[in-house]
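Examining the three-dimensional arrangement
So you can see what is in the structure, the chains are spelled out below.
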4 protein chains.
Amino acid sequence: MSRIQQMMTTHPRTDGTPAQDHSVLAAITALTECAQTCTSCADACLAEDDPSHLIACIRRNQDCADLCRVTANMLTRRTDQDETLLKQVLLACRTACNACAIECGKHDHPHCMICADVCTTAERALSDLLQVPSVTPHRNL
Amino acid sequence: MSRIQQMMTTHPRTDGTPAQDHSVLAAITALTECAQTCTSCADACLAEDDPSHLIACIRRNQDCADLCRVTANMLTRRTDQDETLLKQVLLACRTACNACAIECGKHDHPHCMICADVCTTAERALSDLLQVPSVTPHRNL
Amino acid sequence: MSRIQQMMTTHPRTDGTPAQDHSVLAAITALTECAQTCTSCADACLAEDDPSHLIACIRRNQDCADLCRVTANMLTRRTDQDETLLKQVLLACRTACNACAIECGKHDHPHCMICADVCTTAERALSDLLQVPSVTPHRNL
Amino acid sequence: MSRIQQMMTTHPRTDGTPAQDHSVLAAITALTECAQTCTSCADACLAEDDPSHLIACIRRNQDCADLCRVTANMLTRRTDQDETLLKQVLLACRTACNACAIECGKHDHPHCMICADVCTTAERALSDLLQVPSVTPHRNL
């Protein structure tokens with residue numbers, strides 16, 4: 001059991017069903033990894049020989065990292081959640097993950113390919129939590 | 001001319017019309033102030049004699065601060081903006097500002113009353129930028 | 001190999017020795033987990049029946065979460081690092097982790113006990129990276 | 001009286017002397033402006049024709065923005081402050097502002113020159129709060 005899972009289990013407010021809790025946990029884990037990966041990809045793009053071809057990739061990574069971080073924090077906070085707000089944020093974050101997966105998928109740099117894959121995983125975790133179909137096509141690394 | 005306005009004017013990508021730029025600038029200024037005010041209100045609530053009545057207020061403040069900060073950053077970054085994503089984030093942030101204005105408006109603590117007013121200003125700046133009607137009723141301080 | 005490790009390996013600037021890279025990776029992983037755990041512990045404290053006894057714990061958690069997040073981001077960015085600045089930030093973050101481990105260690109709530117342990121792990125990862133002795137005494141969960 | 005000042009005045013914990021409170025307020029204001037300006041400068045650098053000459057400038061801006069934001073938040077939270085930690089964070093943030101002022105000062109782009117000036121103001125506000133001499137030489141815009 002991961003530390004984040006232990007924290008969720010010992011939180012005084014655990015109203016969710018086990019299935020909901022599982023989806024929330026999967027989303028927090030995927031978003032935390034995605035935020036870190038996008039921060040790394042933006043920085044790696046900047047260090048490439050010709051960063052001017054990667055401006056859009058850097059921007060998608062920055063937005064995706066920022067939104068994944070905030071969304072993971074909002075999901076981690078279980079006290080007095082605002083469901084209407086949370087749903088809008090989850091949808092916006094899903095758009096960011098999808099846009100970043102598509103942009104990173106256009107570039108051959110290994111860090112972009114890994115990042116596209118991690119963004120796809122995050123988009124799916126959010127779609128699963130929202131109970132909507134995933135929008136990101138499968139990529140084979 | 002404020003520093004943020006100077007930075008916008010000297011940015012190599014300034015595609016917007018003056019009217020759009022004015023709305024963007026007003027939104028960045030309102031969101032930056034709102035993030036700071038909500039951080040302060042959450043902390044002031046925590047320091048009150050009986051914080052247990054203010055749990056919902058603290059939570060709304062935390063979410064609003066997080067979203068205002070990210071939204072201000074996304075508006076500040078002018079390079080290769082993703083309009084679809086930006087619109088979803090602006091709408092989610094507007095929901096957060098409105099929810100926080102309503103919750104803070106329920107409490108008599110002076111910091112809550114000021115914060116409700118600042119959240120209302122931010123909600124209006126976002127509604128103006130999105131060209132949609134404001135949802136937050138007027139409060140008289 | 002974790003995603004963060006894959007990203008480090010494929011980054012165009014990997015000047016470090018394998019031993020340094022190992023310590024950086026361990027620190028990023030520990031700090032990311034610590035930021036998430038402290039965010040969760042602060043929120044769980046707020047949801048307890050009498051949060052007024054946990055104000056200091058909430059504050060230590062907030063500071064520790066903020067600093068762990070920024071420090072992890074600075075370690076993740078490998079391009080043109082400022083070693084002098086990085087060292088000061090690592091030391092400040094280590095102080096935050098230690099202070100949060102001590103405060104959480106005073107409370108019997110299971111989320112506080114887990115959080116104290118995660119903060120201790122983060123403090124040790126930072127001490128290891130800085131090549132200074134760890135300051136946090138061992139806790140047995 | 002600015003909103004941030006109003007929030008400080010109505011906070012239930014206002015232990016500081018008026019002189020200390022004035023320095024804290026000046027620092028929060030300067031750091032908030034600096035975080036926003038550095039975010040804008042990093043993005044403007046990315047949009048320049050040849051961003052590869054501005055990699056160090058982008059990195060200094062990113063670190064400075066992150067640290068100014070966290071430091072402003074820690075100063076804004078008045079409840080149960082950890083003075084030892086706060087001082088270390090203020091010193092690290094001062095190093096970041098100074099390093100960013102120096103790097104931005106090397107470039108002729110107007111956004112870099114404005115940013116160098118804002119970083120200098122922030123460094124001085126931090127030095128004033130810490131009651132140590134300022135390290136950043138004066139720049140004339």
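The structure we're discussing is the one just above.
Summarised in this report is the structure supplied together with it. (Residues numbered from 1 in each chain as written. Chains lettered and ligands numbered in written order. Predicted model: local features only at pLDDT ≥ 70, side-chain atom pairs only at ≥ 80, totals over all residues. Heavy atoms only, no water.)

Side note on the environment of C:Lys87
Counted only if it meets this: Runs of H or I in DSSP of at least four residues are treated as helices and runs of E of at least two as strands, each being numbered from the N terminus.
Following the sequence through the fold, C:Lys87 ends up in helix α4 (residues 83-104). Considering only alpha carbons, one finds C:Lys87 and C:Leu130, 43 residues apart in sequence, at a separation of 7.4 Å.

Some remarks on the relation of the copies chain A and chain C
Selection rule: A least-squares superposition brings the copies together, and it is based on the C-alpha atoms of residues with pLDDT no lower than 70 in both.
Rotating chain A by 180° about the axis while translating it 0.0 Å along that axis superimposes it on chain C, leaving an RMSD of 0.0 Å. These values place the two chain copies in the arrangement generated by a two-fold rotation axis. Taking C-alpha positions as the reference, the residue of chain A nearest the rotation axis is A:Thr32, at 3.9 Å.

A word on the interface of chain A and chain C
The test is simple: By the convention used here, residues are in contact when the closest approach between their heavy atoms is within 4.5 Å. The buried area of a pairing is the accessible area, by a 1.4 Å probe, that goes missing from both parts when the two are put together, added over both. Salt bridges are defined as contacts in which a side-chain nitrogen from Lys or Arg sits within 4 Å of a carboxyl oxygen from Asp or Glu.
Every contact between the two is made by 34 residues of chain A and, on the other side, 34 residues of chain C. Taken together, both faces of the contact between chain A and chain C bury some 3100 Å²; the carbon and sulfur share is 62%. If you sort the residues of chain A by the area they bury against chain C, A:Arg3, A:Met7 and A:Gln36 come out on top, with a joint share of 24%. For the pair chain A and chain C, the number of links is two salt bridges. Notably, a salt bridge pairs C:Arg3 with A:Asp117, separated by 2.4 Å at the nearest N-O pair.

Considerations on the interface of chain A and chain D
Selection rule: By the criterion applied in these results, polar contacts are pairs of N or O atoms within 3.5 Å in which, for protein atoms, one can donate a hydrogen and the other can accept it, and in which residues neighboring in sequence qualify only through two side-chain atoms.
In this assembly, six residues from chain A lie in contact with six residues from chain D. Taken together, the two surfaces of chain A and chain D that pack against each other cover about 650 Å², and 71% of this comes from carbon and sulfur. In terms of surface lost to chain D, no three residues of chain A exceed A:Leu46, A:Pro51 and A:Ile55, which account for 60% of the buried area on that side. Across the contact surface, chain A and chain D share zero residue pairs in polar contact (both at pLDDT 80 or more). In terms of residues, the side of chain A that touches chain D owes the most to one element, helix α3 (residues 55-76) of chain A, which gives three residues.

A closer look at the pattern of salt bridges
For side chains of opposite charge, pairing can occur when their charged atoms come near one another. Going through the model one piece at a time under the given rule, you end up with 34 salt bridges over all chains. Here A:Asp63 ties to A:Arg59 by a salt bridge, and the two come within 3.1 Å at their closest N and O atoms. One end of the pair, A:Asp63, and the other, A:Arg59, are both in helix α3, four residues apart, so they sit about a helical turn from each other. One connected set of salt bridges, linked through shared partners, spans A:Arg59, A:Asp63, A:Asp66 and B:Arg77.

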